[in-house]
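What the coordinates show
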Amino acid sequence: MPIHPLPQFEEDLKADQEAYAKLEAPKTVVVRFGATKMIGEFPFDLDVKPGCGTKMVVRTARGTELSEMLTSTCPNSGCSKSVSRQEMLEYIENSGGRDYPYFTDGKVLRIATVEDMNKQSAMEAGKIELIRFAREVAVRLEMPMKVVDAEEILGGERLTFYFASEERIDFRPMVMELAARYRTRIEMRQVGARDEARLTADYEKCGQHCCCKQFLKVLKPVSMKQAKIQKATLDPLKISGRCGRLMCCLRYEESTYDDLRKRLPKKKTRVTTPDGPGLVIDTQILTQLVLVELESNGERSAYPVESLDGGAAVTPTKGEEYDEEEEGPRGEAGPL
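Keep in mind that what you see is a predicted model, and the values were worked out from it rather than measured.

The helix and strand tally for the protein stands at 10 helices and 14 strands. Buried residues in the protein amount to 37% of all 336 residues. Long-range contacts, defined here as pairs at least 24 residues apart, represent 59% of the contacts in the protein between residues at least 6 apart. Approximately 20,400 Å² of the protein is accessible, and the part contributed by carbon and sulfur atoms is 52%.

Here you go:
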């Protein structure tokens, strides 16, 4: 029995085809490339009209490699998903500035062909053998390193090995042996625990891809203070990510918690409640509630911060010590 498309679907398809026919080829595109998901804005002088997600072969400072189109940055493309160059630069500035892996020295060569995709898949499949051989060389040369990943680019101009080590290493003997086997330029890049997770990790406890692998480009330090302010559990097993360090997502709500905390009175300060004056005993950041001990009868009640007046600081009595920020273990770990 033949399947006939519904009329409304045919009309929608026709409208999409007409809108696509009016589009012009973009002049500049933003692509993502490399194992560490670097971002490049490259000129595009082809006649085709690519869309987001299109696989492209680009020439970068590293050589010829496969990339994925993210958006276009020119107004003549006519695509609703394109962004202005100013918007892109503002996003980069807010996401790390100079530390953001953004490059402009490159060019789009062509839309990836079936042969390009098959070659890339073959290189991905051969990555395990590259890592295995590099680890064997490191063990034979007695180098205190752990080879965590290998990256071969489409043009074959360069082969990059990523390794983790707690000390600086003279890896020139290893480079010579690897170059003799693979007959190409060898690059050794030392990475930390967070970058190792970015290269090798997959999913986190939340069920989503690791943030460092999915979208984070600049991995900023995270401190135990941020976990204390958010009332997160201080169990290292529950607040540590795949890298063994504090999870990057602890930074996401930091500014919100800071703003909400500034609205609350400090502990051991006098405030005026609808039931009379009292002393602040505790506060809740998210609910914006203040636990107050009334001076009249000594009862403790919770009040919204909007209903309180005053907040003059009170000096603790002798032998009484309190933390003006948040209750929690004494001592604070530095940024990890």
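Structure's up, so let's keep going.
Below, the discussion takes up the pattern of salt bridges. The final tally for this structure, using the stated rule, is 22 salt bridges. Arg158 is the salt-bridge partner of Glu187, the closest N and O atoms lying 2.8 Å from each other. You can see Glu187 sitting in strand E9 (residues 185-190) and its partner Arg158 sitting in strand E8 (residues 158-164), a full 29 residues away along the chain. Overall, the relative accessible area of 13% leaves Arg158 in the buried class. In this structure, the salt-bridge partner of Asp195 is Arg198, at a minimum N-O distance of 3.7 Å. Of this pair, Asp195 and Arg198 both sit in helix H6 (residues 193-200), separated by three residues, roughly a single helical turn. Taking the relative accessible area as the measure of exposure, Arg198 reaches 7% and is therefore buried. Ionic contacts of the salt-bridge type, sharing partners, join the residues Arg32, Lys55 and Glu68 into one network.

Relative to strand E4 (residues 63-72), strand E3 (residues 55-60) is paired through six bridges, and the arrangement is antiparallel. Within E4, the residue paired with Lys55 across the bridge is Glu68. Judged from the four bridges that link them, E3 and strand E6 (residues 107-111) form a sheet pairing that is antiparallel. Considered in E6, the bridge of Val58 is made with Val108.

Our next topic: the layout of surface pockets. Empty space within the largest pocket amounts to approximately 710 Å³. Looking at the largest pocket, it is lined by 29 residues, and the ones nearest its centre are Gly34, Ala35, Lys37, Gln120 and Glu124. Counting only elements with at least two residues in the lining of the largest pocket, the list comes to strand E1 (28-33), E4, helix H3 (114-125), helix H4 (127-140), strand E7 (146-152), H6 and helix H7 (211-214). Among the elements that make up the lining of the largest pocket, the one with the highest residue count is H3 (five residues).

For the rest of this paragraph, the subject is the nonpolar core. With 19 residues, the main nonpolar core has Met145, Val147, Phe161, Met174, Leu178, Ile186 and Met188 as its most contacted residues. Residue assignment for this core shows that the elements contributing at least two residues are H4, E7, E8, helix H5 (172-182) and E9. The element contributing the most residues to this core is H4, with six residues. Discounting chain neighbours no more than four positions away, the residues touching Met145 are Ala138, Phe163, Ala164, Ser165, Ile169, Phe171, Met174 and Met188.

With that out of the way, let us pick up the sheet that holds E4. Strand order across the open sheet formed by six strands is E5-E2-E1-E4-E3-E6, with mixed pairing between neighbours. Each having just a single partner strand, strand E5 (102-103) and E6 make up the two edges of the open sheet.

What follows deals with the confidence of the model for the protein. Chain-level pLDDT for the protein is 84 on average; 85% of the residues reach the 70-or-more range. The model gives residues 312-336 a pLDDT under 50, and that stretch makes 46 contacts with residues more than four places away or in other chains.

Attention now moves to the state of the cysteines. In the structure shown here, the tally under the stated rule is zero disulfides. With no disulfide of its own, Cys248 lies closest to Cys212 among cysteine sulfurs, the gap being 6.1 Å.

The next subject is the packing of aromatic side chains. Tallying each qualifying case throughout the model produces six aromatic pairs. Between Phe163 and Phe171, the aromatic rings sit 5.8 Å apart at their centres with planes inclined by 70 degrees, giving edge-to-face as the arrangement. Residue Phe171 is classed as partly exposed on the basis of its relative accessible area of 25%. A centroid spacing of 6.5 Å and a plane angle of 40 degrees characterise the contact between Phe215 and Tyr252, whose relative ring orientation is tilted. Of the two residues, Phe215 is situated in the loop between H7 and helix H8 (224-229) and Tyr252 in the loop between helix H9 (236-239) and helix H10 (254-262); the sequence distance between them amounts to 37 residues. Exposure remark for Tyr252: the relative accessible area of 40% places this residue in the partly exposed category. Just above the ring of Phe133 sits the side chain of Arg181; from NZ or CZ to the centre is 4.1 Å.

Thresholds applied
Residues numbered from 1 in each chain as written. Predicted model: local features only at pLDDT ≥ 70, side-chain atom pairs only at ≥ 80, totals over all residues. Heavy atoms only, no water. Helix = DSSP H or I, 4+ residues; strand = E, 2+ residues; numbered from the N terminus. Buried < 20%, exposed > 50% of the residue type's maximum accessible area, 1.4 Å probe, protein only. Contact = heavy atoms within 4.5 Å. Areas by Shrake-Rupley, 256 points an atom, 1.4 Å probe, with all protein chains shown as cover. Salt bridge = Lys/Arg side-chain N within 4 Å of Asp/Glu carboxyl O. Pairing = 2+ DSSP bridges. 1 Å grid on protein atoms, 1.4 Å probe; cavity = no way out; pocket = protein on both sides within 12 Å on 5 of 7 lines; lining within 4 Å. Points joined across faces, edges and corners; volume = space filled by probe spheres on them. Core = buried A, V, L, I, M, F, W, Y, C linked by side-chain atoms within 4.5 Å. pLDDT = per-residue confidence, 0-100. Disulfide = S-S within 2.5 Å. Phe/Tyr/Trp six-rings, centres within 6.5 Å; stacked < 30°, edge-to-face > 60°. Lys NZ or Arg CZ within 6 Å of the ring centre and 35° of its normal.

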